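# Descriptive structure summary
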Amino acid sequence: MDLRATVDGRFRALRAGARTAWDVTGTALAPVARRAAGIVVGIGLVLSVLAVLVLVGAARNDASISADEGTTVAEVLDGGDAGHTFVRFTASDGAVLTPATGVLYPRGLEPGQYVVVEYDRSKPELVRVAGRSWTEGLGPVALGVVGLWVVLGPTAWALARRRRAAEAATVPAPDDDVTPDREPVGAVR
């Protein structure tokens, strides 16, 4: 019987400690919870701006290539991954190059394939598949941003609605009773 009382006492102490931890966590996170909808919208805005900046970076790379463009044939190499497709080409100065960052806009390239590429002669590490440009990324980025807001928009709306409901529950209702010592405004005597 003594073991049962000991276990029961420890369980109650553990439960009381967990309840205290839960209350402290709720108190600490209350300011965050009040601003949850704004935080969700802020995260969405940051991610949307980053997506647009990816397109801006691609457009700048294309402008750099177009400013001092060299054109050649490149061989698509093995060993690429989802983010990088590596090519080997001979630059106009005779140097054989394999850019460490891979080729821009590599969609549809297979190892062993030969493809025409355009590169920046002043920075030959910057190379793209001929005929492709930053506009290749407009569709995927637009779909990504729309998908992001399809998820975050309703989430922010629901959090804001929940907050308004919680605030309305804590505000006391106005006193509509007319007491004998107080007459309604505009009452005729």
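Now for a quick tour of the structure. (Residues numbered from 1 in each chain as written. Predicted model: local features only at pLDDT ≥ 70, side-chain atom pairs only at ≥ 80, totals over all residues. Heavy atoms only, no water.)

### Notes on the pattern of salt bridges
Going by this rule: Any Lys or Arg side-chain nitrogen found within 4 Å of a carboxyl oxygen on Asp or Glu counts as a salt bridge. The helix and strand labels rest on DSSP assignments: H or I over at least four residues marks a helix, E over at least two residues marks a strand, and numbering proceeds from the N terminus. The classification of residues rests on relative accessible area computed with a 1.4 Å probe and restricted to protein chains. Under 20% of the type maximum is buried, over 50% is exposed, and intermediate values are partly exposed.
In this structure the tally under the stated criterion is seven salt bridges. Put simply, Asp68 and Arg121 hold a salt bridge, and the shortest N to O gap is 3.7 Å. One end of the pair, Asp68, is in the loop between helix H2 (36-67) and strand E1 (69-76); the other, Arg121, is in the loop between strand E4 (114-120) and strand E5 (127-129), and 53 residues separate them in sequence. Residue class for Arg121 comes out partly exposed when judged on its relative accessible area of 44%. Each of Asp62, Glu69, Glu118 and Arg128 takes part in one network of salt bridges that share partners.

### Comments concerning the layout of surface pockets
Inclusion rule: Buried and open spaces are told apart on a 1 Å grid over the protein atoms alone, a cavity being a set of points where a 1.4 Å probe fits but cannot get out and a pocket being an open set with protein on both sides within 12 Å along at least five of seven lines. Residues with an atom within 4 Å of a point are the lining residues. Grid points are joined across faces, edges and corners, and a volume is the space filled by probe spheres set on the points. Each residue receives one of three labels: charged for Asp, Glu, Lys and Arg, nonpolar for Ala, Val, Leu, Ile, Met, Phe, Trp, Tyr, Cys and Pro, and polar for the others, Gly being one of them.
Here the largest pocket defines a volume of roughly 350 Å³. Residue lining of the largest pocket: 19 residues in total, with Ala58, Val103, Leu104, Tyr105 and Pro106 positioned closest to the centre. The set of elements that each furnish at least two residues to the lining of the largest pocket consists of H2 and helix H3 (138-170). Ranked by residue count, the leading element in the lining of the largest pocket is H2, at four residues. Tallied by class, residues from the lining of the largest pocket come to ten nonpolar, six polar and three charged. Here the second largest pocket is characterised by a volume of approximately 240 Å³. Along the walls of the second largest pocket sit Ala30, Ala33, Arg34, Ala36, Leu159, Arg162, Arg163, Ala166 and Glu167, which together make up its complete lining. Counting residues per element, the ones that place at least two in the lining of the second largest pocket are helix H1 (2-34) and H3. It is H3 that contributes the most residues to the lining of the second largest pocket, five residues altogether. Grouping the constituent residues of the lining of the second largest pocket by class yields five nonpolar, no polar and four charged.

### Points about the environment of Asp120
Relative to the assigned elements, Asp120 resides in strand E4. Judged by relative accessible area, which is 1%, Asp120 ranks as buried. Remark: the alpha-carbon pair of Asp120 and Ser66, spanning 54 residues in sequence, is separated by 7.2 Å.

### Here's the deal with H3
The condition is simple: In this analysis, the expected span of each helix is defined as 1.5 Å times one less than the number of residues it contains.
An ideal rise of 1.5 Å per residue puts 48 Å on 33 residues; H3 measures up with 47 Å between its terminal C-alpha atoms. Buried within H3 are the following residues: Val141, Leu148, Leu152 and Ala156.

### Regarding the sheet that holds E5
Our working definition: At least two DSSP bridges between two strands are required for those strands to pair.
As summarised here, the arrangement of the five strands in space is E3-E2-E1-E4-E5, forming an open sheet in which the pairing is antiparallel. Each edge of the open sheet carries a strand with a single partner, namely strand E3 (96-97) and E5. Direction of pairing for E1 relative to E4: antiparallel, over a ladder of seven bridges. When the sheet's bridge partners are listed, Val73 is paired in E4 with Val116.

### What to know about the pairing of E1
With burial as the criterion, only one face of E1 is covered, namely that bearing Gly70, Thr72, Ala74 and Val76; the residues Glu69, Thr71, Val73 and Glu75 on the opposite face remain uncovered. Alignment of E1 against strand E2 (residues 87-90), held across three bridges, turns out to be antiparallel. By the bridge assignment, Glu75 is partnered in E2 with Arg88.

In short, shape yes, function no, at least from these values alone.
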